[in-house]
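In case you want the letters, here they are:
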Amino acid sequence: MTPPDPPLRVAVEATSVLGPRTGIGAMTAALLERFGPDPTLDVTGVTISWRGRRDAAEALPPGVRPRFQPFPANLAMRLWMRGVGPRLRGFDLVHGPNYVVPPSPGAVELLSLHDFGPWHFPELVHEHARRYPRLVDQALDRGAHIHVDSDFVGAEARDILGVPPERVHTVRLGFDGPQGPSGASETPDDGSRGRSVAGHDRYVLAVGTIEPRKDLPTLVAAMAQVEAADPTLRLVVAGGDGWGTEAFEAALATHGLTERVIRLGYVSDRDRVDLVAGARCLAFPSIYEGFGLPPLEAMALGTPVVTTTAGSLPEVCGDGARFVAPGAPAELAAAILAVDADDDQRRTLIAAGRRNIERFSWDAMAADMADLYRRLVAGP
């Protein structure tokens, strides 16, 4: 009887699961949760952090070995840019799900590129993200492969980086509804809890860290037109301050909405789900997007989505959203007012959104990613 193949020794750089989780942290946690019980994978979650050294082991799911490197992540990136710094050894494959894969002698390296914002808009991203292009180039020089979430970003990888098609691999992000891996939330009610959290009965919701790429100044300009037509409809922003806060606040002052826009800051998973469920629509006016999980969550909760044609959003949202051009406040205002007032359009969008999310699953993503690991280690 032929003995079974030994488990594949995989390291996943898991620093993003520490602390409040962004979309990348949610993806990483979802993969690790599903990899842990897989007997064909011997998975280690590697966290590179100094501040998170006490939380690393507890943040990883059962079945995933912890390997903690008490090393400041920003310092590690700066050292890697100089060709030195910490290395990972003893693995068949090392996956960096957040743009950077640690140098890993003897292993296949795979890095996830969720979008090309740092390449297109370096002035719009955080300082540490401006290092990504150089770190990606270095990884490619070492022979790394690239994972992308969408065909749109895959085409960008081939065009911008000049990567051969056989080194670019599309595995779409998953989505299992509002009770996803970033934290279990209760099933929302009829929207009353969200309206209570918002402190207002009729509101347009924007979620996520306030950063330039999300283009909240255009949304503020649109809401000035919306409120002129319907003063009962307010904007609620649920997301922490980021490097776009100054421009956002300047737009509020310009349009006289400083006291009328409701800013909640960072909210829990439970509150975010309730806010989405109670909103008249989710406004997602990005000027560039590599995937976009918030629109999918809104679709799952029966909340209409108004978004832009930027990046991969048409690919991800399908016919489950109303689209406008990026940076067009008048068009955005008209779409918000129409989705709010037209019951037939609301019902059509809600039904289409529910159909659209059936295309996405974390289980399917984890299975496809594990299959990609095996194919890459096996070689051509």
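Refer to the structure presented above.
Source: prediction; values computed, not measured.

Draft legend 1. Looking closely at the overall build of the protein chain. Helix and strand counts for the protein chain come out as 15 helices and 13 strands. Relative to a compact globule of 380 residues, whose C-alpha radius of gyration would be 21 Å, the protein chain shows 21 Å and is just as compact. By its C-alpha atoms, the protein chain is 70 × 45 × 40 Å across when sized along the principal axes. Every one of the 380 residues in the protein chain was classed for burial, and the buried ones make up 54%.

Draft legend 2. Geometry of the pattern of salt bridges. On inspection of all chains with the given rule, the structure shows 23 salt bridges. A salt bridge links R213 to E211; the shortest N-O distance between them is 4.0 Å. Residues R213 and E211 agree in their burial class; the two are buried. Linking R375 and D371 is a salt bridge whose minimum nitrogen-to-oxygen distance equals 3.1 Å. With R375 and D371 both in helix α15 (residues 362–378) and four residues apart, the pair spans about one turn of that helix. On the basis of relative accessibility, which here comes to 46%, the residue R375 falls in the partly exposed class. Connected through shared salt-bridge partners, R202, D230, R280 and D340 make up one network.

Draft legend 3. Spotlight on helix α6 (residues 151–161). Regarding α6, the residues found buried are V153, G154, E156, A157 and L161. Each buried residue of α6 sits inside an arc of 160° when the element is viewed along its axis, so together they form one side. Of the surrounding secondary structure, the elements contacted by the buried residues of α6 are β5 (108–113), α4 (117–120), α5 (132–141), β6 (145–148) and β7 (168–170). G162 lies just past α6 and shows a positive phi near 65°.

Draft legend 4. Focus on the environment of R234. Along the polypeptide, R234 turns up in strand β9 (residues 234–238). Overall, the relative accessible area of 19% leaves R234 in the buried class. Sequence separation between R234 and V261 is 27 residues, and the spatial gap between their C-alpha atoms is 6.4 Å. Setting aside anything within four residues of it in sequence, one finds R234 in contact with H200, R202, Y203, V204, M223, E227 and R260.

Draft legend 5. Here's a closer look at the nonpolar core. Within the largest apolar cluster, 56 residues are counted, with the highest numbers of intra-cluster contacts made by F35, L205, L296, M365, M369 and Y373. Filtering out sequence-adjacent residues up to four positions away, M365 remains in contact with M27, L31, H147, V171, R172, L173 and G174. F91, L140, A144 and V153 belong to the second largest nonpolar core, which has 34 residues in total.

Calculation rules
Residues numbered from 1 in each chain as written. Predicted model: local features only at pLDDT ≥ 70, side-chain atom pairs only at ≥ 80, totals over all residues. Heavy atoms only, no water. Helix = DSSP H or I, 4+ residues; strand = E, 2+ residues; numbered from the N terminus. Rg over C-alpha atoms; globule rule 2.2 N^0.38 Å. Buried < 20%, exposed > 50% of the residue type's maximum accessible area, 1.4 Å probe, protein only. Salt bridge = Lys/Arg side-chain N within 4 Å of Asp/Glu carboxyl O. Arc of directions from axis to C-beta. Contact = heavy atoms within 4.5 Å. Core = buried A, V, L, I, M, F, W, Y, C linked by side-chain atoms within 4.5 Å.

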